[in-house]
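# Reading the structure
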Amino acid sequence: MPLHVKFTPNTIDYIQASRLLAIKTPLFVLLAVVTVIIIAGSLIGLFFQLFTYSTWNNVALVSLLVGGFYIFYYFAMVPAQLTKTINKNEALKKERTFTFGESEVDLAIGDKVSPLPWEHFTHVLKGRTMYIMVCEEGKKTYPFLPNRAFADQGSEKAFLAILEQHSIPVK
């Protein structure tokens, strides 16, 4: 018997999905760690006046500006851009229904149904508030499923059991 999961996405869902994708991307994590180290080193060097040459002070200041912009972009600009995009596109606000069947996942957005064969799913990303299913059918798509979409813990466990049945790892 297929499992049906229904929800209507909101702006917070999209923001959390973009953050989950970022956190689960090794290059993003590496850049974030390097940025934090550079910011911390620059702050410590400037605060304790550890740099003996004015050039190093300038490099530290530029590093702080670039790092600050990186953090501002991630926490302020990306959510603002997503919110603007979502507000302009009604399709992004339509109710979604996932039907997890034996041979495929049917994703209905409004009246349009897209069949997604199980063999195209490479893995599922698990976050605190949602799952993102990574599907590679020509190009990568990332349908997400907020935890609130599950009627109860039983339906979430059924979802995870279906993924296991189809050998789709949850990371």
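Now for a look at the structure at hand. Values in this document were obtained by computation on a predicted structure and should not be read as measured data.

Reading the values: rules and limits
- Residues numbered from 1 in each chain as written.
- Predicted model: local features only at pLDDT ≥ 70, side-chain atom pairs only at ≥ 80, totals over all residues.
- Heavy atoms only, no water.
- 1 Å grid on protein atoms, 1.4 Å probe; cavity = no way out; pocket = protein on both sides within 12 Å on 5 of 7 lines; lining within 4 Å.
- Points joined across faces, edges and corners; volume = space filled by probe spheres on them.
- Helix = DSSP H or I, 4+ residues; strand = E, 2+ residues; numbered from the N terminus.
- Nonpolar A, V, L, I, M, F, W, Y, C, P; charged D, E, K, R; others polar.
- Phe/Tyr/Trp six-rings, centres within 6.5 Å; stacked < 30°, edge-to-face > 60°.
- Buried < 20%, exposed > 50% of the residue type's maximum accessible area, 1.4 Å probe, protein only.
- Lys NZ or Arg CZ within 6 Å of the ring centre and 35° of its normal.
- Polar contact = N/O pair within 3.5 Å; in protein donor to acceptor, adjacent residues only side chain to side chain.
- Contact = heavy atoms within 4.5 Å.
- Axes fitted to C-alpha atoms, helices over the stretch in contact; angles between N-to-C directions.
- Parallel < 35°, antiparallel > 145°, perpendicular 65-115°, else oblique.
- Left-handed = near helix turned anticlockwise from the far one by under 90°.

### Notes on the layout of surface pockets
In this structure, the largest pocket spans a volume of roughly 560 Å³. Forming the boundary of the largest pocket are 20 residues, of which Arg96, Leu107, Thr141, Tyr142 and Pro143 lie nearest the centre. Counting residues per element, the ones that place at least two in the lining of the largest pocket are α1 (11–23), β2 (96–100), β3 (104–109), β4 (112–117) and β7 (139–141). Counting residues per element, the lining of the largest pocket draws most heavily on α1, at four residues. Its residues assigned to classes, the lining of the largest pocket shows 13 nonpolar, three polar and four charged. Its volume calculated, the second largest pocket comes out at about 200 Å³. Together, Gln16, Arg19, Leu20, Ile23, Gly127, Arg128, Thr129 and Met130 line the second largest pocket. Broken down by element, the residue count for the lining of the second largest pocket peaks at four residues, all from α1. Tallied by class, residues from the lining of the second largest pocket come to three nonpolar, three polar and two charged.

### Section: the packing of aromatic side chains
Scanning the entire structure with this criterion turns up 15 aromatic pairs. Relative to phenylalanine 159, the ring of phenylalanine 150 lies with its centre 5.4 Å away and its plane at 45°, an arrangement referred to as tilted. The two residues phenylalanine 150 and phenylalanine 159 agree in class, both being buried. Members of the aromatic cluster, each reached through a chain of ring pairs, are Phe7, Tyr14, Phe98, Phe100, Trp118, Phe121, Tyr131, Phe144, Phe150 and Phe159. Its guanidinium or amino end placed over the ring of tyrosine 74, arginine 19 lies 5.7 Å from that ring's centre, counting from NZ or CZ.

### Here we look at the side chain of histidine 123
Looking at where histidine 123 falls in the secondary structure, it is placed in strand β5 (residues 121–126). The buried category is assigned to histidine 123, whose relative accessible area is 16%. Only 3.0 Å separates the side chain of histidine 123 from the side chain of threonine 122, close enough to count as a polar contact. Leaving out residues up to four positions away in the same chain, histidine 123 has contacts with Ile132, Met133, Val134, Ile168, Pro169 and Lys171.

### Looking at unusual backbone geometry
The backbone of glutamine 49 sits at a positive phi, close to 50°, despite the residue not being glycine. Looking at glutamine 49, the relative accessible area reads 67%, which means it is exposed. A positive phi angle is found at serine 167, which is not glycine, with a value near 55°. With respect to the secondary-structure elements, serine 167 resides in the segment after α4 (153–165).

### Quick notes on the packing of helix α2 (residues 26–47) against helix α3 (residues 54–88)
Running from amino to carboxyl end, α2 crosses α3 at an angle of 140°, the nearest separation of the two axes being 9 Å. If you check the angle between α2 and α3, you find them oblique. Crossing geometry of α2 relative to α3 is assigned as left-handed. For the pair formed by α2 and α3, the contact residues are Phe28, Leu31, Ala32, Thr35, Ile38, Ile39, Ser42, Leu43 and Leu46 on the first element and Asn57, Ala60, Leu61, Ser63, Leu64, Gly67, Gly68, Tyr70, Ile71 and Tyr74 on the second.

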